[in-house]
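# Structural overview for review
One-letter residues, chain by chain:
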Amino acid sequence: YRQVLDGHRGDVHLSPWNDAQDRVASFDSDGTLIFWQLKGDRFAETEMSQRRRGAIATAVRWCSDGRLVCIAYNDGSLVVSGEGGRLWATDS
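The present account deals with the structure reproduced in this document. Please read all numbers here as calculations on a predicted model, not as lab measurements. (Residues numbered from 1 in each chain as written. Predicted model: local features only at pLDDT ≥ 70, side-chain atom pairs only at ≥ 80, totals over all residues. Heavy atoms only, no water.)

### A look at the layout of surface pockets
Under the convention used in this document: Cavities and pockets were defined on a 1 Å grid built over protein atoms only: a cavity is a set of grid points that admits a 1.4 Å probe from which the probe cannot escape, a pocket is an open set flanked by protein on both sides within 12 Å along at least five of seven lines, and lining residues are those with an atom within 4 Å of any such point. Grid points are joined across faces, edges and corners, and a volume is the space filled by probe spheres set on the points. To qualify as a helix, a DSSP run of H or I must reach at least 4 residues; to qualify as a strand, a run of E must reach at least 2; elements of each kind are numbered from the N terminus. Side-chain classes follow a simple rule in which Ala, Val, Leu, Ile, Met, Phe, Trp, Tyr, Cys and Pro form the nonpolar group, Asp, Glu, Lys and Arg form the charged group, and the remainder, Gly included, forms the polar group.
Here the largest pocket is characterised by a volume of approximately 370 Å³. Of all the secondary structure elements, the ones that give two or more residues to the lining of the largest pocket are strand E3 (33-39), strand E4 (42-49), strand E6 (69-73), strand E7 (78-82) and strand E8 (85-90). Among the elements that line the lining of the largest pocket, the one with the most residues is E4, at four residues. In terms of residue class, the lining of the largest pocket is built from nine nonpolar, seven polar and six charged.

See the structure below:
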């Protein structure tokens, strides 16, 4: 697939592909975090967030079944989220 995924201003990084859910996350040095879902032959933005309390996402990883995502931030905090929103978080 070839598609420009708009919405970032800083250097962009991608999470590993979520094969179970056909999803990927993109995050940038400006603090924007976007989740994308493959729908047919196009990606659609499913969720977007800005900086979390001033912190910037530095890594995004999916659990093995793809239903949960763990986001690490540059302030040392972690957030685990699922379909219903945030499930667990730690702040440094």
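### What about the pairing of strand E2 (residues 23-28)?
Filter applied, for reference: A 1.4 Å probe rolled over the protein chains alone gives each residue an accessible area, and that area as a share of the maximum for its type sets the label: buried under 20%, exposed over 50%, partly exposed in between. Pairing between strands is defined by DSSP: at least two bridges between them are needed.
Counting buried positions along E2 gives six out of six residues, so the element sits mostly inside the fold. Residue alternation in E2 divides its side chains into two sets, Arg-23, Ala-25 and Phe-27 and Val-24, Ser-26 and Asp-28, and both sets are buried. Relative to E2, strand E1 (residues 12-14) runs antiparallel, the two being bridged by three bridges. Its bridge partner lying in E2, Val-12 is registered against Asp-28. Two strands pair when backbone bridges link them, and E2 and E3 are joined in this way by five bridges, in the antiparallel orientation.

### A short note on unusual backbone geometry
Outside of glycine, negative phi angles account for most residues, and trans bonds account for most peptide bonds. The backbone of Asp-22 sits at a positive phi, close to 50 degrees, despite the residue not being glycine. Tracing the chain through its elements places Asp-22 in the loop between E1 and E2. Notably, Arg-53 is not glycine yet its phi reads approximately 50 degrees, a positive angle. Looking at where Arg-53 falls in the secondary structure, it is placed in the loop between E4 and strand E5 (57-62).

Geometric values such as these leave the question of function open.
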